[in-house]
Amino acid sequence: MEQLTAADQQKRTDLRKMKLVATSFLIGATIIFFATHAFEGAWVGYVRAAAEAGMVGALADWFAVTALFRRPLGLPIPHTAIIPERKNMFGQTLGDFVGVNFLSPEIVQDKLRRAGIAERAGAWIKQPDNAERITNELSNVLKGAITVLKDEEVQAVVEQAIVKRVTAKPWGPPLGKLLGQVLTDGAHHKLVDLMCDRAYEWVRDNSDNVSLIVTDRAPTWSPKFVDALLGDKVYTELVNFAWAVKTDVNHPMRLAVDQFMIEFATDMQSDPVTMQKAEQVKQQVINHPDVQKVISSAWGTAKKMLLDAAEDPSSELRRRVTQGLITLGTNLTDDPELRAKVDGWLEQAAGYVVGNYRAEITTLITDTVERWDAEETSRKIELQVGRDLQFIRINGTVVGALAGLVIYTAANVLF
C-alpha cells in the first residue's frame, strides 16, 4: 500500500471535494432539465435548453477529464486512459523538450552568465562561518576517502612513487651542484669551524690516549721513558696543530679542505667514476633496512597525520584551508578579472557537459518515467493536477448551459 505524505493526503481530500462539486453541477443541471417538464410557459423552454446543454457540456468534460487517467466506466473506448497508455511516449517527449529548450549550451551558458555565480559564491565563502562549514565538509570527505582506500594498495603506490622518483635521476650532478653552491656562498665555513673545534677539544682532552697510541706503536727495544717523552712531544704538537687550524681561517689545512671539497663537487658533476660511486651509495642508502622501513611505513604515517589533522578543528591544516577559502572568497568579490575568469571556466564546463552529454542527461527523465507503474503514474498525476481539472467540468456545465440558452434564444428569434 502506497504511503502518502500529509501534503498528498490533503491533495487527495481536496480532489474528492472538487469532484463532488463538479458532479453536483451535473446533477443540478439534470434535476433542472427534468423538473422543467412539470411546468408550462414560454420561459420553460429557455430553462430546459440551458439545462440540457449544461448536462451535455458537463458529461463531455467529465468524459474528457476522466479519459486522461482511465477508461470512462471501464469501457475500452479508443483514445482513453491516455496517461497510462502513453506514459513512455510522454516521458520521451518530455525528455526531448527539456533537452531542446533547457539543455542547449547557449541557454545554460547565458543563465550562468547572468547568475554571476563567482561573485555570489565569493560573497558566501568569505564569511568565516561558511568557510568553516566548507572545511568541515572537506574534512569529512577526506576522512571518508582515507577510510575507503585499502592501505596495502596505497602503500604499494607510495613505495613505487618514492623509489621511482629517487632512482629516476642520478644523484651525483644535483648533489655536486648543490655542494658547489654551498662552497661558493661560504655556508660550509661554520661546519668546518665546528669540526675544528671538536677536533681541538678531543686532542686537548685525550693526552693519555695519544701517549698510549705512541707507546703501542714504539719498537719493543725502545726505553719506556723515551716512549713517554715522544708521546708528550707528539701530543704537544697535535694540540698546537689543532689550535692553529681552529684559530687561523687561512690555515693550509682549511684551504686544503676547501680545495678538496671544490674538486669533489666538480667530480660529482662531470667525473664518471665519482658519479658511479654516488650511484652505488644511492643504492646502498635505498636498500638499507632502516630506509626500507621508513618507506614501507610512509602511508601509515601520512594517513595518521591526515586523519588527526582532519578531526582536530584547531589543526594547522584545517586553519589553513579555512583561511584559504576566506581569501578566495574575498578575491572573487573584489577582483573583477578573477571573477570573469572563474565565470568563463564555469560557462565552458557547463557548455561542454551539456553539448556532449545532453542525451545522457535527458535519459534520466525517459528511463525514470519508463520505470514508473502506469496506473500509479496516472494516480500521482491526477493527485497533483486533478483538482484544477475539475474546474473544466464545472466550466463545461456553466458554459454549456449559457451556450444552449444563447442558441435556443437565437433560434426562437430567427425562426
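Residues numbered from 1 in each chain as written. Predicted model: local features only at pLDDT ≥ 70, side-chain atom pairs only at ≥ 80, totals over all residues. Heavy atoms only, no water.

Looking at an unreviewed UniProt entry, one finds the protein chain named Membrane protein, with Lentzea pudingi as its source organism.

(A) Representation of the packing of aromatic side chains. Per the counting criterion, the structure on display carries 5 aromatic pairs. Ring geometry for Tyr352 versus Tyr357: centroids 6.3 Å apart, planes at 70 degrees, classification edge-to-face. You can call Tyr357 partly exposed: its relative accessible area is 41%. (Phe/Tyr/Trp six-rings, centres within 6.5 Å; stacked < 30°, edge-to-face > 60°. Buried < 20%, exposed > 50% of the residue type's maximum accessible area, 1.4 Å probe, protein only.)

(B) Spotlight on the environment of Trp299. Secondary-structure assignment places Trp299 in helix 16 (residues 298–311). Trp299 sits in the buried class, given a relative accessible area of 11%. Setting aside residues up to four positions removed in sequence, Trp299 forms contacts with Ile146, Asp151, Val154, Gln155 and Val158. (Helix = DSSP H or I, 4+ residues; strand = E, 2+ residues; numbered from the N terminus. Contact = heavy atoms within 4.5 Å.)

(C) Seen up close, the UniProt feature "transmembrane region" (unreviewed entry) in the protein chain. Using the residue numbers shown here, the UniProt feature "transmembrane region" (unreviewed entry) corresponds to residues 20–39. For residues 20–39, the end-to-end C-alpha separation is 29 Å, with 80% helix and 0% strand making up the annotated structure. (UniProt positions renumbered as here; feature names shortened; annotations may be inferred.)

(D) Representation of the side chain of Arg393 in the model. Summarising the element assignment, Arg393 is placed in helix 19 (residues 374–414). Buried charge without a salt bridge: Arg393, with Asp61 as the nearest opposite-charge side chain at an N-O distance of 7.9 Å. Of the polar contacts made by the side chain of Arg393, one reaches the side chain of Gln390; its length is 2.9 Å. In contact with Arg393, not counting residues within four places along its chain, are Lys19, Ala22, Thr23, Ala58, Asp61, Trp62 and Val65. (Lys, Arg positive; Asp, Glu negative; His and termini not counted. Salt bridge = Lys/Arg side-chain N within 4 Å of Asp/Glu carboxyl O. Polar contact = N/O pair within 3.5 Å; in protein donor to acceptor, adjacent residues only side chain to side chain.)

(E) Main features of the pattern of salt bridges. In total, this model carries 15 salt bridges according to the counting rule given. In this structure, Arg71 and Glu85 form a salt bridge, with 3.6 Å as the shortest nitrogen-oxygen distance. A residue pair is termed long-range when its members are at least 10 positions apart, and Arg71 in the loop between helix 2 (42–69) and helix 3 (82–85) and Glu85 in helix 3 qualify at 14 residues. Note that Arg113 is salt-bridged to Glu347, the shortest N-O span being 3.4 Å. Linking Arg113 in helix 5 (residues 105–115) with Glu347 in helix 18 (residues 336–371), this pair joins segments that are 234 residues apart in sequence.

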